[in-house]
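Chain by chain, the residues:
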Amino acid sequence: MAKESTTIDIGEPSTVTKSTSHAVVDEKKKSFVTAAAGGGYKRGLTIFDFLLRLAAIGITIGASSVMFTAEETLPFFTQFLQFQAGYDDFPTFQFFVIAIAIVASYLVLSLPFSIVTIVRPLAVAPRLILLISDTVVLTLTTAAAAAAASIVYLAHNGNANTNWLPICQQFGDFCQTASTAVVAASISVVFFILLIVISAISLKRH
């Protein structure tokens, strides 16, 4: 009685499994390369953000200091009256000095967060904090610069309808100093707009 032999056909390994594993590996490589490229350009943006903050610190400190020193006394005076103009004679200029000083202080405090975004350019939380805070401080800076600019305009041109006479013909140095401070604050407004744009771009996923 002959024994029947049983043959088991193992077959070749499935090519589908191999192709799937290769596809997964390739997808991981692409994701890693994309993340590295994104982190690269975002790190460049964060470095630019840090440099802008340093420049804005210098400009805001300069604007507040210049306005604080805005004062002029005319060479002629009477026995009972002395003609003098200073920043503390105008509540708007006082607000300008305080507001821009607060802005400068905020910029100094924001530097550690900016450094964190350089070290971790893909981190969302510190960048989101900077975006919200920069927007709020931009509003304060714009309000201070616009209010001071209106007073400087009146000092230069006056207002015929209300019989407000221009004083810059007499207090030329005072007006020049105040105008310089307002221009510096306006430049800081532009810097804040750039900082907000940088934060918005950095928060994009792709």
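Given the structure is predicted, the values throughout are model-derived calculations rather than measurements.

**With respect to the confidence of the model for the protein**
Inference 1: Per-residue confidence for the protein gives a mean pLDDT of 80, with 75% of residues at or over 70.
Inference 2: Low confidence marks residues 28–38, where pLDDT is under 50. Its contacts with residues over four positions away, or in another chain, come to two contacts.

**Focus: the packing of helix H2 (residues 91–119) against helix H4 (residues 172–202)**
Inference 1: Two elements in contact, H2 and H4, have axes whose closest approach is 12 Å; the angle formed by their N-to-C orientations is 35°. Crossing hand, H2 versus H4: left-handed. Residue-level contacts link Phe93, Phe96, Ile100, Val103, Tyr106 and Leu107 of H2 to Phe174, Ala178, Ala181, Val182, Ala185 and Phe192 of H4.

**Describing the packing of helix H3 (residues 125–157) against H4**
Inference 1: Contact pair H3 / H4: the axes reach a minimum separation of 8 Å and the direction vectors enclose 155°. Judged by the angle between their axes, H3 and H4 are roughly antiparallel. Crossing hand, H3 versus H4: left-handed.
Inference 2: Within the contact of H3 with H4, the residues separate by chemical class into 19 nonpolar, nine polar and two charged.

**Quick look at the pattern of salt bridges**
Inference 1: Tallied over the entire structure, the rule returns three salt bridges.
Inference 2: Ionic pairing is found between Arg53 and Asp49, a salt bridge with its closest N-O pair at 2.7 Å. Residue Arg53 and its partner Asp49 are both found in helix H1 (residues 15–68); the two are separated by four residues, about one turn of the helix.
Inference 3: Of the residues examined, Asp49 reaches a relative accessible area of 0% and is grouped as buried.
Inference 4: Arg53 is the salt-bridge partner of Asp134, the closest N and O atoms lying 2.7 Å from each other. Taken as a pair, Asp134 in helix H3 and Arg53 in helix H1 lie far apart in primary sequence, 81 residues in all. Of the two residues, Asp134 and Arg53, neither departs from the other in class, the shared state being buried.
Inference 5: Each of Asp49, Arg53, Arg127 and Asp134 takes part in salt bridges that share partners, so that together they form one network.

**Let's talk about the packing of aromatic side chains**
Inference 1: Per the stated rule, a full pass over the model turns up four aromatic pairs.
Inference 2: Ring centres 5.8 Å apart and planes at 20° place the aromatic pair Phe90 and Phe174 in the stacked group. Within this pair, whereas Phe90 is found in the loop between strand E2 (82–86) and H2, its partner Phe174 is found in helix H4, the two being separated by 84 residues in sequence.
Inference 3: Ring centres 6.2 Å apart and planes at 55° place the aromatic pair Phe93 and Phe174 in the tilted group. You can see Phe93 sitting in helix H2 and its partner Phe174 sitting in helix H4, a full 81 residues away along the chain. Here Phe93 matches Phe174 in class, with each residue buried.
Inference 4: Grouping aromatic residues by their ring pairs yields a cluster made of Phe90, Phe93 and Phe174.

Calculation criteria
- Residues numbered from 1 in each chain as written.
- Predicted model: local features only at pLDDT ≥ 70, side-chain atom pairs only at ≥ 80, totals over all residues.
- Heavy atoms only, no water.
- pLDDT = per-residue confidence, 0-100.
- Contact = heavy atoms within 4.5 Å.
- Axes fitted to C-alpha atoms, helices over the stretch in contact; angles between N-to-C directions.
- Helix = DSSP H or I, 4+ residues; strand = E, 2+ residues; numbered from the N terminus.
- Left-handed = near helix turned anticlockwise from the far one by under 90°.
- Parallel < 35°, antiparallel > 145°, perpendicular 65-115°, else oblique.
- Nonpolar A, V, L, I, M, F, W, Y, C, P; charged D, E, K, R; others polar.
- Salt bridge = Lys/Arg side-chain N within 4 Å of Asp/Glu carboxyl O.
- Buried < 20%, exposed > 50% of the residue type's maximum accessible area, 1.4 Å probe, protein only.
- Phe/Tyr/Trp six-rings, centres within 6.5 Å; stacked < 30°, edge-to-face > 60°.

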